[in-house]
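Okay, here's what each chain looks like letter by letter:
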Amino acid sequence: MAVPTASTRSLRPLASLRRLTVAALGLFAAAGVQAADPFPHKPIALVVPFSAGGPTDVVARSLGQAMSRHLGQSVVVENRTGAGGTIAPAYVARAEADGYTLLIHHNGMATAPALYRKLSYDPLKDFEYIGQVADVPMTLLGKKDLPPNNTAELVRYVQQNESKINLANAGLGAVSQLCGLLFEQATNVKLNVIPFQGTAPAMTALLGGQVDVLCDQTTATLPQIAANKVKLYGVTTPQRIRALPNAPTLQEGGLKGFEMKVWHGVYAPKGTPAPVVARLTAALQAALKDPAVVKRLDELGAEIVPPAKQTPEGLKTWLKAESDKWQPMLRKAGAFAD
Ligand code: ASP
């Protein structure tokens, strides 16, 4: 039997201390405590409810790239399309609340509860709020060879042809659907509504002449307008916009009170730890000062929201106000889905 020497004897306490430390670390890990694991230590998914190449996707990609630079981790855009933009929030609401799965969405977060009888998430309860991003005007477009040349002529034309007119949108709950509905209400017509998975395929159909009318964000429509591939009737904001100074507003075209703009927010699943939310909000705010983002959004006609809105409280308050504004009107309009 080996007799312990003076030096092995003195090593014993060290070895048992090491065993204890390893055991304690194991306990910490088992309890989910990741002290040496600062956020973020792996890529973050930014989930977009509509198809790639559409206006929400364009904002998400520009924002995601800049947030990556500020977080030191990639922010990867994931398009989870369908059901008018309600698949993506349902997915994010159920994702792990660790800050690695985020959602970017627009007005659809405020309108979906009035449009879907069986929505599996509550926009006001199932999320942590990171902050708002940018506001985007919409444009009312016709296919290139649609006969009317201005809003007043378009109104007469749709009233005469009504259900023969194909109105494209990105599904029940999309802003294009809301804008189309406002147009139908303002002109007192029921058009033939054709839903797509996002603006990208809806725009392809407009360019191909398979649909007649589409109302959508400048973030997707400016290039087509500049290339003269579509007919522009007007912008949905009460004032003309810098990106299209010669385009009349729809109100100027005779649609009194017609007003709509698109806003975007970033969300995390409910229960995401406060320090993680704070880190993401800081990255969002830094991204919105990033010259590449400022330039890109400006080119697309989008307006970065003021700093007070780039906050969890700013987004939550706005979402509540928008929910209260649109939901009663939509319930009355009766456009429901399960
Ligand atoms: N603009 C679309 C909408 O109508 C969505 C998109 O493709 O980004 O909601």
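Further up the page is the structure itself.
Residues numbered from 1 in each chain as written. Predicted model: local features only at pLDDT ≥ 70, side-chain atom pairs only at ≥ 80, totals over all residues. Heavy atoms only, no water.

### So, the packing of aromatic side chains
Using the following cut-off: A pair of aromatic rings is counted whenever rings of Phe, Tyr or Trp (Trp by its six-membered ring) have centres within 6.5 Å, and the orientation is called stacked for planes under 30 degrees apart, edge-to-face for over 60 and tilted otherwise. Buried means the residue's accessible area, taken with a 1.4 Å probe over protein chains only, is under 20% of the maximum for its type, while exposed means over 50%, and partly exposed covers the values in between. Secondary structure elements are defined from DSSP: runs of H or I of at least 4 residues count as helices, runs of E of at least 2 residues count as strands, and each element is numbered from the N terminus.
Tallied over the full model, the rule gives five aromatic pairs. Considering the side-chain rings of tyrosine 121 and phenylalanine 127, the 6.2 Å spacing of their centres and the 85 degrees angle between planes classify their relative orientation as edge-to-face. Phenylalanine 127 carries the same exposure label as tyrosine 121, and that label is buried. Both rings, one in tryptophan 263 and one in tryptophan 318, keep their centres 6.4 Å apart while their planes meet at 90 degrees; by these two values the pair is edge-to-face. Of the two residues, tryptophan 263 is situated in strand β9 (residues 261-269) and tryptophan 318 in helix α11 (residues 312-333); the sequence distance between them amounts to 55 residues. Take tryptophan 263: its relative accessible area is 0%, and that puts it in the buried class. Three or more aromatic residues joined by ring pairs make a cluster, and in this case those are Tyr121, Phe127, Tyr129 and Tyr267.

### So, the pattern of salt bridges
As a reminder, the rule being used: Throughout this description, the term salt bridge denotes a Lys or Arg side-chain nitrogen within 4 Å of a carboxyl oxygen of Asp or Glu.
Going through the model one piece at a time under the given rule, you end up with 11 salt bridges. For glutamate 78, the salt bridge identified is with arginine 80, shortest N-O distance 2.9 Å. Among the residues examined, glutamate 78 registers a relative accessible area of 26% and is labelled partly exposed. Look at arginine 80 and you get partly exposed, because its relative accessible area is 30%. Between lysine 125 and aspartate 122 there is a salt bridge, and its shortest N-O distance comes to 3.8 Å. Overall, lysine 125 belongs to the exposed group, its relative accessible area being 56%. Aspartate 122 sits in the partly exposed class, given a relative accessible area of 27%.

### Quick word on empty space enclosed by the protein
Selection rule: Only protein atoms enter the 1 Å grid, on which a cavity is a set of points fitting a 1.4 Å probe that cannot get out and a pocket is an open set with protein on both sides within 12 Å along at least 5 of 7 lines, lining residues being those with an atom within 4 Å of a point. Grid points are joined across faces, edges and corners, and a volume is the space filled by probe spheres set on the points. Here the term charged refers only to Asp, Glu, Lys and Arg, the term nonpolar to Ala, Val, Leu, Ile, Met, Phe, Trp, Tyr, Cys and Pro, and the term polar to all other amino acids, Gly among them.
Here the structure, examined in full by the defined rule, presents one cavity of 30 Å³ or more. What the largest cavity holds in volume is close to 70 Å³. The wall of the largest cavity is formed by 13 residues, among which Phe50, Thr56, Ala170, Thr199 and Gln217 lie closest to the centre. Among the secondary structure elements, those contributing two or more residues to the lining of the largest cavity are α2 (55-71), α6 (175-187) and β7 (213-217). Looking at the lining of the largest cavity residue by residue, the class counts come to five nonpolar, seven polar and one charged.

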